[in-house]
Number of protein chains: 2
Amino acid sequence: MIRIKLILAYEGTDFSGWQIQLRDRTVQGELEKCLETIAGKPVRVHGSGRTDAGVHALGQVVHFDCADDRRNIPWQRALNSLLPRDVRVVDWAEVPDDFHARYGAVSKTYEYVLWHKQEFFLPHRRRFAWDCGPVEFSLMEEAAAVFIGEHDFAAFQNVGTPVSSTIRIITEISRHPGLAEHETVWRFSANGFLKQMVRNLMGCLVNCGRGKIRPEEVQTILENGDRSAAPATAPPQGLTLMNVEYLS
Amino acid sequence: MIRIKLILAYEGTDFSGWQIQLRDRTVQGELEKCLETIAGKPVRVHGSGRTDAGVHALGQVVHFDCADDRRNIPWQRALNSLLPRDVRVVDWAEVPDDFHARYGAVSKTYEYVLWHKQEFFLPHRRRFAWDCGPVEFSLMEEAAAVFIGEHDFAAFQNVGTPVSSTIRIITEISRHPGLAEHETVWRFSANGFLKQMVRNLMGCLVNCGRGKIRPEEVQTILENGDRSAAPATAPPQGLTLMNVEYLS
C-alpha cells in the first residue's frame, strides 16, 4: 500500500461543495470517480476539510491509499486527463503512511474577496467576489483584532457538524489589494476553522465596516457564544481555500 | 430625441456573441430587452462592433436613441438593475446626435490571455485564457513586428461579413504580464479589425512561438492574402475587447 497526497485547485461554482453526495456533483465525487478508473477499484479520498458549495480552492490537500503496483503512475498528468476542467491537480507526492490530510493539518489559510463599488461590479468577478459595497476598512480592522488569538468561536459556527471543541486560534486576519480595482482580499489563518466560520467572520467584519455593528459589540458577541446574535454568513463565492500546512 | 452612449462590460461565456439573434442569448438581445422595459417601446442598439461567442468585453461602446422625456433616467443604475449578472453598464453619457458607436470609432484595443503551463492550468482561468502551452516569446515578437503598420489582412479574416476593404492599420502588438503566474497578455490595437482577425493573428503568433512557422513565412502569408494558408483561429475565451476610441 502506498499513500499519495494531492494538492487540488477547483472552482467551486458548479460543485455542491467538497464532500461526496449521493446525487449532487461534488469535488470528492469527481475525484474518486477518476481514481477508480486509474486504480481499477474504489478509492476513498480524505480531504483536509470540507468546502461549501460555491467555495473555491487553490490549495486543498487530500490523501488516498492505493496498491503498490500503482507506484509509477504520474498522478498529476493521469488525473488531469480524466478530471473535469473545473478541478485540477496542481501538485502531488508519495507520503509516509502516517500522513493524514485532515488530522495532520496544523494551519489553514483562506482568502475572501470583497468588491466595494456595486455599480461597477464586473461580470468577470461575480463568481469570485462578494459585491458588498462600500465599507470602512479601519472599523473592520479594529473588529478583526478582537478575533486574533485563542477564542471560543461558537458564535461563528453554523450548525450541522458536531465538533469536540469550538475553540480555535486565529493567527492572522489581514487586508490586501485585489486583482481588480474596487476589490480587497481578506486573508484568514487559523489552526482550524469551524463550519462556515470564515464566512461568518467575514459577514461580521463587513457589518462592522458598514457601521452596523461597533467593534466593541463584536467582543460581546464572541464572548456570549450565541450564533443567532451574530451577523449573517457572507456568500460562498468570495472564498478560496489557499493553503493547508502540516508539521515538517 | 436624445442619443445615449454606454460602456459595457460582459463575460462572453454564456452569450452567443454580441449580435442579436432570433433564438440564442446575445448581449445586444439582453440589452435591448431591458431598454424596451425602460423606454416603453423597442430600442435598437448600435455596438462598436460584434464580438464572437465566448469573447469578453471590458469596454464595448454602444449607442441608442430615445425620447426626450427619458432624459433624466440614471441609465447605469436603471439598466444594471434589469440586466443579467454577466453584463454591466460601467459608464454612460448623453452624446451629440452625430455620435455613432460603429462609424465613429477610430481605434480599438483587444487583449488576449495565454496560459503557458498546461499541467498547471487553473480552473479559475479557463473562461479567460487559452492554455496554449509553452511558446518562445522572441519568435512571436519577431512575427508580430510583421503585422505592425498598414497591411491587407485578407489572410487573417474569416468569411461571413462583407467588408469594402481588408486593409487595416495595426498600431500595437505588445506582451504584458498576466494576472496569474504562467500567463501572458497580448495587446492588439488597430484602426479596426476584420472578422476574427485578432484570434487569427493570435493563432498565427502562437504557431510561431511553437516553432511551427518561421517569422519570415508570416510575411509570405500576409502578402499572399490566402486565409487557407494561415494558421487556425485561436479560441474565443482568451479574448477581451478593452477599449474603443473616438475623435474628441
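All of these numbers come straight from a predicted model, not from anything done at the bench.

This part takes up the overall build of chain A. Secondary structure assignment for chain A yields 5 helices and 9 strands. In terms of overall dimensions, chain A is globule-like: its C-alpha atoms have a radius of gyration of 19 Å, near the 18 Å expected for 248 residues. Among the 248 residues that make up chain A, the fraction classed as buried is 56%. When contacts within chain A are restricted to residue pairs at least 6 apart in sequence, those whose partners lie at least 24 apart make up 71%. About 11,200 Å² of surface is accessible on chain A, with carbon and sulfur atoms providing 49% of the total. Positive and negative side-chain charges of chain A, numbering 28 and 31 respectively, have mean locations separated by a distance of 6 Å.

This part takes up the packing of aromatic side chains. This structure, assessed with the given rule, holds 18 aromatic pairs over all chains. Consider the rings of B:F99 and B:Y246, whose centres lie 4.8 Å apart with planes at 50°: the pair is tilted. Remark: B:Y246 occurs in strand 9 (residues 239-246) and B:F99 occurs in the loop between strand 4 (87-95) and strand 5 (105-115); sequence separation between them is 147 residues. Judged by its relative accessible area of 13%, B:F99 falls in the buried class. When the ring of B:Y110 is compared with that of B:F193, the centres are 5.4 Å apart and the planes differ by 85°; the resulting orientation is edge-to-face. In this pair, B:Y110 is assigned in strand 5 and B:F193 in the loop between strand 8 (183-190) and helix 4 (197-209), connecting sequence segments 83 residues apart. For B:Y110, a relative accessible area of 8% puts it in the buried group. Taken together through their ring pairs, the aromatic side chains of A:F147, A:F153 and A:F156 make up a single cluster.

What follows is about the relation of the copies chain A and chain B. Relating the two copies of this chain is a rotation about some axis coupled with a shift parallel to it. Superposition of chain A onto chain B requires a rotation of 180° combined with a translation of 0.0 Å along the rotation axis, giving an RMSD of 0.0 Å. Expressed as a symmetry operation, the mapping of one chain copy onto the other fits a two-fold axis. The rotation axis passes nearest to the C-alpha of A:L179 in chain A, at a distance of 3.6 Å. The residues that chain A uses at the interface reappear at the interface of chain B in 100% of cases, marking a shared surface.

The next point concerns the domain arrangement of chain A. Residues and elements named next belong to chain A. Annotation of chain A at the domain level lists domain 1 (2-95) and domain 2 (105-246). Tallying the contact residues gives 16 residues for domain 1 and 16 residues for domain 2. Around 1,300 Å² of area is buried between domain 1 and domain 2 when both sides are counted, 57% of it from carbon and sulfur atoms. The interface formed by domain 1 and domain 2 includes 1 salt bridge.

On to helix 4 of chain B. Residue and element names in this part refer to chain B. Counted at 1.5 Å a residue, the expected span for helix 4 with its 13 residues is 18 Å, and the 18 Å between its end C-alpha atoms agrees. Taking burial as the measure, the 13 residues of helix 4 include 13 buried ones, the bulk of the element. Positioned one or two residues after helix 4, G211 has a phi angle of 80°, which is positive.

So, on to the pattern of salt bridges. Enumeration over the complete set of coordinates arrives at 33 salt bridges over all chains. Across the pair A:E30 and A:R25 runs a salt bridge whose closest N-O atoms are separated by 4.0 Å. Of the charged contacts, one joins A:R126 and B:E11 as a salt bridge, the two residues approaching to 2.7 Å between their closest N and O atoms. You can see A:R126 sitting in the loop between strand 5 (105-115) and helix 3 (137-147) and its partner B:E11 sitting in the loop between strand 1 (2-10) and helix 1 (27-39), one on each of two chains. For the pair formed by A:R126 and B:E11, the shared burial category is buried. Shared partners join several salt bridges into a network, and the residues in it are A:R25, A:E30, A:K33 and A:D86.

We now examine unusual backbone geometry. Look at A:Q196: it is not a glycine, yet its phi comes out positive at around 55°. By the secondary structure assignment, A:Q196 is in the loop between strand 8 (183-190) and helix 4 (197-209).

On to helix 5 (residues 215-224) of chain A. Because an α-helix packs 3.6 residues into every turn, residues spaced three or four apart end up facing the same way. All names here are of chain A. Of the positions making up helix 5, those classed as buried are P215, V218, I221 and L222. Down the axis of helix 5, the sector holding all buried residues measures 95°, keeping them to one side. Exposed residues pointing more than 90 degrees away from the buried face of helix 5 are listed as E223 and N224. Turning to helix 5, the residues buried within the fold contact helix 3, strand 6 (149-152) and helix 4.

Here is what the cut-offs are and how they apply
Residues numbered from 1 in each chain as written. Chains lettered and ligands numbered in written order. Predicted model: local features only at pLDDT ≥ 70, side-chain atom pairs only at ≥ 80, totals over all residues. Heavy atoms only, no water. Helix = DSSP H or I, 4+ residues; strand = E, 2+ residues; numbered from the N terminus. Rg over C-alpha atoms; globule rule 2.2 N^0.38 Å. Buried < 20%, exposed > 50% of the residue type's maximum accessible area, 1.4 Å probe, protein only. Contact = heavy atoms within 4.5 Å. Areas by Shrake-Rupley, 256 points an atom, 1.4 Å probe, with all protein chains shown as cover. Lys, Arg positive; Asp, Glu negative; His and termini not counted. Charge placed at Lys NZ, Arg CZ, Asp CG, Glu CD. Phe/Tyr/Trp six-rings, centres within 6.5 Å; stacked < 30°, edge-to-face > 60°. Least-squares fit on C-alpha atoms with pLDDT ≥ 70 in both. Domains from an automatic or database assignment. Buried area = accessible area lost by both parts, 1.4 Å probe. Salt bridge = Lys/Arg side-chain N within 4 Å of Asp/Glu carboxyl O. Expected span 1.5 Å × (residues − 1). Arc of directions from axis to C-beta.

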